[in-house]
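Chain by chain, the residues run as shown.
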Amino acid sequence: MASLDPVARPIDPELHAITAWLQRPGSNHFLVTSHVNPDGDGLASMLACGRILRRLGKQVWLVTDGFRSPRYDYLPQIDTVVSYREGLEAELPVANVITVDVPTLSRLERVARLIPRDAAILKIDHHPSDDHFGQFNYGDTAASSTAELVYRLCVDLDVPFDAALGTWLYTGIAFDTGRFRFSSTTPDALIIAGEMVRAGANPQLIAEQLFYEYRPTTLSLLASTLQSLERVLDGRVSILSLDHAVLGQARYGDEDMDGFVDYAVSLQGVEVALFLREHEPGHIRVSLRAKHDFDVRAVAELFGGGGHRKAAGVRMTGTLAEAKARLVNEIQRHLESSNERSA
Ligand code: AMP
Ligand code: MN
Ligand code: MN
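Notes on the structure in this doc start here. Everything numeric in this text was worked out from a predicted model, so none of it was measured.

## Re helix 4 (residues 146–156)
Three or four residues apart is the spacing at which side chains of an α-helix point the same way, because the helix has 3.6 residues per turn.
In step 1: Burial runs high along helix 4: nine of the 11 residues are buried.
In step 2: Positive phi appears at aspartate 158, one or two residues downstream of helix 4, with a value of about 55 degrees.

Here is the structure:
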């Protein structure tokens with residue numbers, strides 16, 4: 001059978017400088033981390049970076065802050081990812097850091113405490129960001145996922161692809177393209193995913209574990225969430241919300257709400273979808289999604305959040321009603337100004 005063409009790209013001097021730095025002898029201790037509440041792309045990219053570094057003879061600590069969904073438990077070696085705990089800084093001799101899927105250092109939350117002032121940082125990320133906080137910054141907003149950038153590192157360093165590396169990188173791409181659905185589903189993303197399947201990744205198992213394994217409590221929470229559906233601005237905006245009276249119940253965890261925002265954005269006629277969770281009284285986490293060209297990141301940034309054009313997040317304080325009103329107000333302003341531009 002003919003094999004797939006490898007992803008052709010010109011020699012990338014930036015990437016070579018990075019791989020030279022990774023390969024230099026001596027400096028052996030690496031911290032690898034991703035944003036707080038790491039997702040499929042962040043965790044998979046961390047694990048793949050761990051593989052690269054260990055092959056280069058480095059000592060590696062994989063650390064994240066916040067909630068890690070059990071849906072990622074199928075990832076090979078997931079147990080090597082440590083959760084931040086107080087006092088960890090005294091235990092880790094960190095000289096070098098790789099951040100994956102992290103646009104700004106504030107997104108590390110408490111893991112930032114593990115990074116000494118003089119540590120060398122390599123930033124690998126596909127979020128749009130002007131914050132080049134690393135000594136090395138490897139970014140490409142056209143990449144489907146950070147996993148795709150880590151793939152390029154593996155190719156440059158001749159790291160062989162096996163089932164574990166294949167599972168990680170396939171997971172990162174499948175997760176960040178919304179299972180090959182979003183506009184980030186580029187030819188490169190599909191070709192690399194194909195290569196990873198050839199290396200031993202199991203697409204059926206990964207899809208089931210990542211997206212189709214619900215706990216019974218998840219479906220009951222989904223029922224409550226769908227009951228909350230509101231449509232505003234002539235149906236151009238849909239809103240799902242859960243207040244603390246529901247969310248505070250012990251049987252519900254963060255993992256029960258993953259992906260619910262997709263129902264809000266799937267509604268016909270919707271351009272912008274919001275999912276608000278009052279996880280503590282007066283403290284609200286918001287997921288924003290856009291269907292077409294609307295830039296939800298711009299709205300999230302107005303309130304101190306961030307993300308991508310079509311998928312962003314922000315934390316807000318106040319009541320659910322206040323947060324909704326503030327968001328809808330801004331979305332309306334943005335919709336009106338884009339109407340004017342296209343008029
Ligand atoms: P989520 O809605 O949590 O799936 O997040 C969608 C996107 O927005 C991801 O790229 C996140 O990294 C980003 N994001 C989520 N919450 C925040 C936040 N509070 N601040 C900045 N970026 C965020
Ligand atoms: Mn991410
Ligand atoms: Mn990502």
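Read on, since the account is not over.
## What to know about the side chain of serine 145
In step 1: Tracing the sequence through the fold places serine 145 in the loop between strand 6 (136–139) and helix 4.
In step 2: We classify serine 145 as buried; its relative accessible area is 0%.

## Concerning the coordination of the manganese ion (ligand 3)
In step 1: Protein coordination at the manganese ion (ligand 3) comes from Asp41 (OD), Asp101 (OD), His126 (NE2) and Asp176 (OD), with a distance range of 2.1 to 2.3 Å.
In step 2: If you look at the manganese ion (ligand 3) and the manganese ion (ligand 2), they sit 3.8 Å from each other and are both ligated by aspartate 101. Taken together, the residues span a long stretch of sequence, with aspartate 101 in the loop between strand 4 (96–100) and strand 5 (120–125) and aspartate 176 in helix 5 (residues 163–176) at a distance of 75 residues. Aspartate 176 matches aspartate 101 in its accessibility class, with the two residues each being buried.

## Details of the pattern of salt bridges
In step 1: Within the structure shown, the criterion is met by 17 salt bridges.
In step 2: Between glutamate 91 and arginine 85 there is a salt bridge, and its shortest N-O distance comes to 2.9 Å.
In step 3: Take glutamate 91: its relative accessible area is 48%, and that puts it in the partly exposed class.
In step 4: On the basis of relative accessibility, which here comes to 40%, the residue arginine 85 falls in the partly exposed class.
In step 5: Aspartate 254 is the salt-bridge partner of arginine 285, the closest N and O atoms lying 3.6 Å from each other. Taken together, the residues arginine 285 in strand 10 (residues 283–290) and aspartate 254 in the loop between helix 9 (244–247) and helix 10 (261–265) connect sequence positions 31 residues apart.
In step 6: Exposure remark for aspartate 254: the relative accessible area of 30% places this residue in the partly exposed category.
In step 7: In this structure, a network of salt bridges that share partners links the residues Asp65, Glu86, Arg110 and Arg113.

Basis of the calculations
- Residues numbered from 1 in each chain as written.
- Chains lettered and ligands numbered in written order.
- Predicted model: local features only at pLDDT ≥ 70, side-chain atom pairs only at ≥ 80, totals over all residues.
- Heavy atoms only, no water.
- Buried < 20%, exposed > 50% of the residue type's maximum accessible area, 1.4 Å probe, protein only.
- Helix = DSSP H or I, 4+ residues; strand = E, 2+ residues; numbered from the N terminus.
- Donors = N, O, S within 2.8 Å, 3.2 Å for Na, K, Ca; no water.
- Salt bridge = Lys/Arg side-chain N within 4 Å of Asp/Glu carboxyl O.

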